[in-house]
Every structure is written in C-alpha cells, then in structure tokens.
Amino acid sequence: MSELAKSHLLPTYARVNLAFERGEGAWLVATNGERYLDFTSGVAVNALGHAHPHLVAAITEQVKKLWHPSNLYGIPESERVAERLCAASFADVAFFCNSGAEAVECAIKMARKYQSASGKPERYRIITFDGAFHGRTLATLAAGGQKKYLDGFGPVVDGFDQMPFADLPATRKAIGPQTAAILIEPIMGEGGVRVVPPEFLRALRRLCDDNGLLLVFDEVQTGMGRTGELFAYQRCGVAPDVMALAKALGGGFPVGACLATNEAAKGMTTGTHGSTFGGNPLAMAAAAAVLDVMLADGFLDRVRRTSLILKQKLAEIKDRYPGVIVEIRGEGLLIGLRAVVPSTELVDELRNEKMITVAAGDNVVRLLPPLVVTEAEVSDAVGRLDRACARIACARQREREGALG
Ligand SMILES: *Cc1c(COP(=O)(O)O)cnc(C)c1O
C-alpha cells in the first residue's frame, strides 16, 4: 500500500507523490534531496519565491510581537496595508480575509448590498462568464458555474447568470431589472490563461456605468504583479468598482482582500460583514513585506522584461515542436502553453525534468514562476521544456512509425 493510500487527509486532491521540505528563490528541495525548478509558485502564491529574506525578516519580527488581537480592536498594521493598497489602486477601502474565495464572497455580498443600499434590493443577480473560477464556497462555485465542481452539492446558490466568454451582445441582453453587477477575471487563470480582450473589459465598464451596475474584477490570480503590472486592470485602462485579491498578496501567508471605491462599499456598514482572522498583524506583516518589494523602483519593469525574454524563447519552442505545443498565451509571468498532447503529459514530462508546472483548463500548461526568477533560471527552464517536448515528440513519432510498420 502506498503512503498516500494510508492518508488521514480527506482525499479531495489528486496529489503527485512528491513532497518538498525547503525552498529558496525559484527552487524547491524535495524530501529526497532532489532540486526542482519551481514554475508554479504554489499556484501564483509565492511571487517573491521561497524564503525571501525580506519576507522572512518581516514575519519573524512580527511573530515576536503580536499575532492576533482580533477585529474587536484597532489593528494599525491592517490600516497601513489598506492605505498602501488603496494608494496603489482605484480603491478607497479594503476588507481583509484569508483566501481568494472569501475575497470574492465579500465582493458578491458588497455588490448586492450596494444595490440594496441604493434602494434597489431586487437587484441581486451577477453576470459571470463560462470557464471562470472564483473559488470553492457555495456562492463562488455558483459564480464559476462549473458543473464538475457543483455536482452533488445540492441546490446551486441562486443569482448568477453565465455568459459565453467575451460575448458582448449576450452580456448586454442578459442585463435585466434584477442585475446588480458583472464579475470577471481579466485573465482567466484556472480556465486556461485566457486573456479577456481589453476592449471587452472597456465595454463592460460602459455597460455597468449605463445600467447602474458594479464592475467586479477577480484579480485573485492576476493581481500583485503577476501580469507585469501591480494589477491586471492597469493594463487595459479600465478600473473596476470592486476587486478581489489573495494568492500572492501574502507571498505564501494566507491573506485575501476585497478592495472597493467608497461608493461601491457604501452598504457595508458596521456589522454587515466580518472575519475572525482577517487582517491580523501576522498576515499584515507578510502583505506589507510583499508590497515593500513589489512597489520598489524597477521591480515590475523587471517582471515585464523577464516576461518578454521567456515569451520569445517559448515561441521558439512552439515552432520547434508543433506536435506538442500550439499556442503561447498570457501576460507577464502568467503564461499558458496550449498543448496538442494532453496537458498533464507535458506537466509529467516537465516534472521528470525536475521542473514543476500546473495544468489549467483548455488543455493548457501554466507557467507561473516566482516574479523574482532570474534570466539564467528562465534559460534553464526553457532547456528543460525543450528536452520534455523532444521526448514527447520522439515518442509520438515512434508510435506513428509503429502504426505504419
Ligand atoms: C485561486 C482563485 C480563487 C480562489 O482562491 P482560494 O484562496 O483558493 O479560495 C478565486 N479566484 C481566482 C481567479 C483564483 O485564481
């Protein structure tokens, strides 16, 4: 019997039989001592890589002082992080929580409450899009609308209207007297690194303005530097009214946030929402340290430069192995390789090359290196990808020859 078969963990994850005990920058060290090049970053979480000295020092310092006084009292550390996130974005206010799903859940509640506080309580429905992923709570699952995740969990939470990807006429037609908001990821991460056209996001902004709706961006995966801007919305020239953040916000420490304008947040008065752990000083020390690094001069320039280099090299790989990879997608260091062979086969072959990546929808392999990845590590990664593709192409060639002979 394997180790995994004896596990006392709820078996909800399809885990690979590999575990890590240490990390440094873009490298992970497995329990057997082998070194892996990390092009997953804990699924877009460890944006500063592993054991970043500034993050380690900031958390260590806070651990000795105070972990958790609760939101019954003022938390100056959360005031400061909120102020910095708002200064760096469209937002006026922030609510802190502990995960992406909670951040989106807060955004959903805020959109409904906004309409209610505006004298339109009948407006509670939210328009969402096929292929979206917003989390695993009952409401965020309903927002994502993916059958495989909803199956067997009882009545689907009401209030979400799913549109085809980037379909403007359908979206316009779907707006009715009960519509409260439009919720979208600027780039669908789990859905296969599908980049929503900027003109579609701009059209959504106009639809929201014309119809009194809130525009909500789920930037849980795209936010915090991943696309080469601090937030993906900054690339397309439209700001949302509400934005959900999490993943990279704490650099590996669980922190989520829902950011909003004062107007959008006007219904969220005392007592309307809460979180026991949200915004505690330890989490805020992590988020503050992440902001220190990301907001420093040149950090995002470097992410954009690294992205260009990586994309150029990936284009060459795609040309060399048309039977393995058909398309390179994404922005910044949120990159998708749409595969011809099953994406999981490429993920497995890359793992054999001691490089870890993660599959997404639409038969895509996601490359999510830490934002601090060096040029040398990018070259190293592309070398590993080249060898993995070569092995797959070679195996396919042999299969074809076998079939002919
Ligand atoms: C990961 C993710 C979530 C859910 O975050 P959790 O922390 O797992 O709850 C929500 N939205 C998007 C876009 C994500 O990528």
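The four strands lie next to each other as β13-β14-β17-β16, forming an open sheet whose pairing is antiparallel. For this open sheet the edge positions go to β13 (325-331) and β16 (358-360), each flanked by a neighbour on one side alone. Taking the axes of each pair of neighbouring strands and ignoring which way they run, one obtains an average angle of 30° across the sheet. Sheet topology note: the strand β14 (residues 334-339)/strand β17 (residues 364-367) ladder contains four bridges and is antiparallel. Directly across from arginine 338, in β17, lies its bridge partner valine 364. With respect to the sheet, helix α10 (residues 299-320) is in contact with β13, β14 and β17, its orientation differing from that of β13 by roughly 165°.

So, about helix α4 (residues 100-117). Taking 1.5 Å per residue, 18 residues should reach 26 Å; α4 reaches 25 Å between its end C-alpha atoms and fits that length. Along α4, the residues classified as buried are Gly100, Ala101, Ala103, Val104, Cys106, Ala107, Ile108, Met110, Ala111, Tyr114 and Gln115.

Of the positions making up helix α11 (residues 343-352), those classed as buried are Ser343, Leu346, Val347, Glu349 and Leu350. Down the axis of α11, the smallest arc covering the buried residues is 165°, so these residues share one side. Turning to α11, the residues buried within the fold contact β13, β14, β15 (355-356), β16, β17 and α12 (375-404). Note on α11: the residue one or two positions beyond its end, lysine 354, has a positive phi of about 60°.

Quick look at the packing of α10 against α12 now. Look at α10 against α12: their axes get within 10 Å of each other, and the N-to-C directions meet at 15°. The orientation of α10 with respect to α12, classified from their angle, is roughly parallel. Crossing of α10 over α12 shows right-handed handedness. Contacts between α10 and α12 involve Thr306, Ile309, Leu310, Lys313, Leu314, Ile317 and Arg320 from the former and Glu375, Val378, Ser379, Val382, Leu385, Asp386 and Cys389 from the latter.

For the rest of this paragraph, the subject is the packing of aromatic side chains. Evaluation of the coordinates by the stated rule reveals five aromatic pairs. Ring centres of phenylalanine 90 and tyrosine 233 lie 5.5 Å apart, and the angle between their planes is 80°; this geometry places the pair in the edge-to-face category. Within this pair, whereas phenylalanine 90 is found in the loop between α3 (76-87) and β4 (93-97), its partner tyrosine 233 is found in the loop between β10 (214-218) and β11 (242-245), the two being separated by 143 residues in sequence. With respect to burial, phenylalanine 90 and tyrosine 233 carry one shared label: buried. Summarising the aromatic geometry, the rings of phenylalanine 231 and tyrosine 233 are spaced 6.0 Å apart at their centres and angled 10° between planes, so their arrangement reads as stacked. Across the pair, exposure class does not vary: phenylalanine 231 and tyrosine 233 are buried alike. By way of ring pairs, the aromatic residues Phe90, Phe231 and Tyr233 are connected into one cluster. The ring of tyrosine 149 carries arginine 136 above its face, with NZ or CZ at 3.9 Å from the centroid.

Before going further, it helps to examine the sheet that holds β4. On the basis of which strands lie adjacent, the open sheet formed by seven strands has the order β4-β12-β11-β10-β7-β5-β6 and mixed pairing. A single partner strand is all that each edge strand has here, and the edge strands are β4 and β6 (160-163). Each strand of the sheet is rotated relative to its neighbour by a mean of 20°, with strand direction disregarded. Direction of pairing for β10 relative to β11: parallel, over a ladder of three bridges. Paired with aspartate 218 across the strands is alanine 244, a residue of β11.

This part covers the nonpolar core. The tendency in soluble globular proteins is for nonpolar side chains to be buried side by side. If you look at the biggest cluster of nonpolar residues, it comprises 83 residues, and the most contacted ones within it are Leu85, Met224 and Leu346. Looking at this core, the element that brings in the most residues is helix α9 (residues 281-294), giving 10 residues. Taken together, domain 1 (4-52 + 299-404) and domain 2 (66-294) each give at least three residues to this core, which thus spans both. Not counting residues within four places of it along the chain, the set of residues in contact with leucine 85 comprises Phe96, Met224, Phe231, Leu245, Leu249, Leu259 and Leu291.

Time to look at the pattern of salt bridges. Within this structure, the stated rule accounts for 23 salt bridges. Aspartate 161 serves as the salt-bridge partner of arginine 125, at 2.9 Å between the closest nitrogen and oxygen. Pair noted here: arginine 125 is in strand β5 (residues 125-129) and aspartate 161 is in strand β6, with a separation of 36 residues, a long-range link. For glutamate 327, the salt bridge goes to arginine 329, with nearest N and O atoms at 3.2 Å. Take arginine 329: its relative accessible area is 12%, and that puts it in the buried class. One network of salt bridges, with partners in common, ties together Glu327, Arg329, Arg338 and Asp362.

Cut-off values and rules
Residues numbered from 1 in each chain as written. Predicted model: local features only at pLDDT ≥ 70, side-chain atom pairs only at ≥ 80, totals over all residues. Heavy atoms only, no water. Pairing = 2+ DSSP bridges. Helix = DSSP H or I, 4+ residues; strand = E, 2+ residues; numbered from the N terminus. Axes fitted to C-alpha atoms, helices over the stretch in contact; angles between N-to-C directions. Contact = heavy atoms within 4.5 Å. Expected span 1.5 Å × (residues − 1). Buried < 20%, exposed > 50% of the residue type's maximum accessible area, 1.4 Å probe, protein only. Arc of directions from axis to C-beta. Parallel < 35°, antiparallel > 145°, perpendicular 65-115°, else oblique. Left-handed = near helix turned anticlockwise from the far one by under 90°. Phe/Tyr/Trp six-rings, centres within 6.5 Å; stacked < 30°, edge-to-face > 60°. Lys NZ or Arg CZ within 6 Å of the ring centre and 35° of its normal. Core = buried A, V, L, I, M, F, W, Y, C linked by side-chain atoms within 4.5 Å. Domains from an automatic or database assignment. Salt bridge = Lys/Arg side-chain N within 4 Å of Asp/Glu carboxyl O.

Purely geometric stuff here, so don't read any function into it on its own.
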